[in-house]
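# Per-entry structural report
This is what each chain is made of:
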Amino acid sequence: HLRRARQSLGSNFTAVDELAEHQIPTTLAARTALLQDLYLELPRWGFDVTIFSSIDDDELYVCITLENPVAVESYLLRSGVMLQIRQDVVSKLGISQPPEEVVSSPPMLRYDPRIVKNLHKAGVLERDDPRDLFKTHYGKSKEGCIVKGSDRFMMIFRQVCTHLDLDAAKSKGLLVDWYPAHSQRWLSKLSKSWGKFSLMTDLTFLQPVNLIHDYFGARVAFIFAWNGFYCKALFALSLLAIIIESAGWIATSYIDAVIVQKRVVLAFSIVTVVWARLAVNMWTREQQFFLKMWEMTEDSSHEVPRPSFQGEKQPSPADLNLMVKQYPSHSAAARRCCSTLFTLVFCCVVAACIILWFQIFQGNLDLAASLCLSIMIVFFQLVYNLLVPVLTEWENHEYQSTYYDSYVCKQFMFECVNRYSAFFFLAVKQRWTEAGCPHGGCMASLKKQLWMTLLILSASRIAQIFVASIIVRLKIMWEDYNLKKGLKQEGKETPKRSFAELQSKFAETRLQEQIDNMMQLVLALGFILLFGPVAPIIVPFCLAVFVIQLRGSAYMLVRFSKRTLPRQQFGIGIWGTIVNMLMHVSVLFSGFLIIVYGDTFAGTPLLTKMAGIIIYVLCMQVVWLLVDLAYPAQSSATKILQARRDRVRKVVLEKATDLSAKMAEVDEEDDDCSPCSAFRTDDGKFLSVNADLVEEVKQGEWDKIPHMQDAVSSRSGVNKH
């Protein structure tokens, strides 16, 4: 394992090399060698490094930051990160755009020092300083930096992952954990405006999407934007659902309940179809605006291969002189087919268990049946949640985007069977069984099962969020108790735990947790689209799921969760395709319910009923077309934003290039952005970056590593003793 790790780390990692050649490999020795090599190599990559010991002296924390201006510029040139122009620069360019309007948000440009220099020479900028052109972010540095913290972290992450698979190192016990560090300043800002349960009664459901994007990345921002939008949409639909349910309840006093139920199904089917299309168009508008606001495209050219991707080094199709890891496409397709087949087999097992549940409880689908069904759903979900990461990892995806999509597809395939199959069985099969429909009709039985099951699942979601926060608190309290107990016996005071160390005790919110949270929302929306016409009363329950998820997830993210990796994502990605699929299936299923259970087609031949379903589906397609004409998915605000940004971008380039040929010449030194030249001075020495306690780490003198609070105090000249 050590030699294999040494190949992935590169030729500069000498401690691992020496360990593999001269010592018997052990986990402790490998940890030590890896730590020493990382601590020596990270400054060579331009990163500032700090090491400190945990307050109970059983862990070492290595903090990596990117602060050196030359290193930041080098990674900025290579990464292709887009930087936003300052608002005041727009007016200096002679462009009139109302700054208070959102659509006047300045455009983003790739960093090029020549543009800054030429704009300064043209008199647009007062100084030849990129901070005069681009938006500046302030953190620890009073001067500010043009690259925000989440982008700098991704620069560090990509560079480290080029040499080391962090997740593999963690799974093998070489690392305890790794995570982006939280910013207390940002957490305070987000806690006040977003991450608190007191907002549960805020029916505007507004989300600080730009703040979320800047701190947590595009993927998390789009998830919360979508969640908040559908909270508003479901709130409007809940009012209609309550009105229709109330009217149906009143009508049962004068008309037979079965007839009333059939009329409710028809009425709410049309309402749901119109609402679903209108909601999708409105969200598409909002999504397109944010995509343009953040200058995001589907171009994956800057996507970094996953460190765990396995393959043989072969000439790159883009450059035959470049050797990159590649895996045969037919082998990759075979692996994905096998994992999909396994998922289908598991789905069949789940479907068989649901059929067994129906056989046991048929004719008596009461609270006990709903409780049993909910327990089955949660149990199978927990089991498959353990299997799906293994299956997706085995597929050997080269990029994170395809890994994410494959994970979501398999998870959704399973959850459809796990969540919906029981209710499809009740709607389609129950009336043809020996027991037949219970008293009140099959749809009444289905309605009862729906609202009871959703009520139980909603309560379980509240319990999950509550338990997750309690677990984090109990873990910290238990460690503090044991530490105080041990130090008290030695007559020592308990040191203060730093915030960087405290975060290691927080809950994870990585890819699996993000997918699971979004899956709960999409499945709840699916219940409305598929079964809402049968039971409009489930809409308020689904709204409760969305609101709890919205506020609970925000509360967990800013208080009890590690900071997520700020991943990029083009909108909600594959989730949009899934929602569209649910919409089309819902139209087909509601047509089936109306034709099969309605009086119009009662006693008619099967061919006539099939024709009726087809006519219903075509009519709903026409309704969707009318909705698209009345409220199209394209937004005029997005077009204005695009036009204004194009204008600013055009003028910037004109001003930057409207100089003499002499001004356009750039020294070779300015164009050299290789890692070696970027981090060395003219005499060949490495740039000065902070790396404390290098000798102690190199010699393995771990008892000399101070706690973080002690290190901070010594730097500031404060003697806390």
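If you're wondering where the values come from, they're calculated on a predicted model, not measured in any experiment.

Another aspect to go through is the overall build of the protein. Each helix and strand counted, the protein has 27 helices and 6 strands in total. With 721 residues in all, the protein has 46% of them scored as buried. Across the protein, contacts joining residues at least 24 apart in sequence account for 75% of those joining residues at least 6 apart. Accessible surface computed for the protein: about 36000 Å², of which carbon and sulfur atoms make up 60%.

Looking at the protein as a whole, its pLDDT mean stands at 82, while 87% of the residues score no less than 70. At the low end of the mean pLDDT range in the protein sits helix 1 (residues 2–9), at 34; at the high end sits helix 10 (residues 209–216), at 92. Every residue in residues 660–678 is under pLDDT 50, and counting partners more than four places away or in other chains gives 15 contacts. Confidence over residues 681–686 falls short of pLDDT 50; this stretch has 6 contacts with residues more than four positions distant or in other chains.

One can find Asn 418 in helix 15 (residues 400–428). Taking relative accessible area as the criterion, Asn 418 reaches 2% and is therefore assigned buried.

Of all hydrophobic cores here, the largest spans 120 residues; its most connected members are Trp 226, Tyr 230, Trp 275 and Trp 575. No other element matches the 16 residues that helix 11 (residues 218–251) contributes to this core. The contacts of Trp 575, once residues within four sequence positions are left out, are Tyr 404, Val 408, Ile 515, Met 518, Met 519 and Val 522.

A separate point is the pattern of salt bridges. Counting across every chain of the model gives 27 salt bridges. For Arg 86, the salt bridge goes to Asp 88, with nearest N and O atoms at 3.1 Å. For Arg 86, a relative accessible area of 27% gives the class partly exposed. Given the relative accessible area of 30%, Asp 88 is considered partly exposed. Ionic pairing is found between Asp 151 and Lys 148, a salt bridge with its closest N-O pair at 3.2 Å. There is no split in this pair, since Asp 151 and Lys 148 are both buried. Ionic contacts of the salt-bridge type, sharing partners, join the residues Glu 59, Glu 479, Asp 480, Arg 497, Glu 501 and Lys 505 into one network.

The rules behind each value
- Residues numbered from 1 in each chain as written.
- Predicted model: local features only at pLDDT ≥ 70, side-chain atom pairs only at ≥ 80, totals over all residues.
- Heavy atoms only, no water.
- Helix = DSSP H or I, 4+ residues; strand = E, 2+ residues; numbered from the N terminus.
- Buried < 20%, exposed > 50% of the residue type's maximum accessible area, 1.4 Å probe, protein only.
- Contact = heavy atoms within 4.5 Å.
- Areas by Shrake-Rupley, 256 points an atom, 1.4 Å probe, with all protein chains shown as cover.
- pLDDT = per-residue confidence, 0-100.
- Core = buried A, V, L, I, M, F, W, Y, C linked by side-chain atoms within 4.5 Å.
- Salt bridge = Lys/Arg side-chain N within 4 Å of Asp/Glu carboxyl O.

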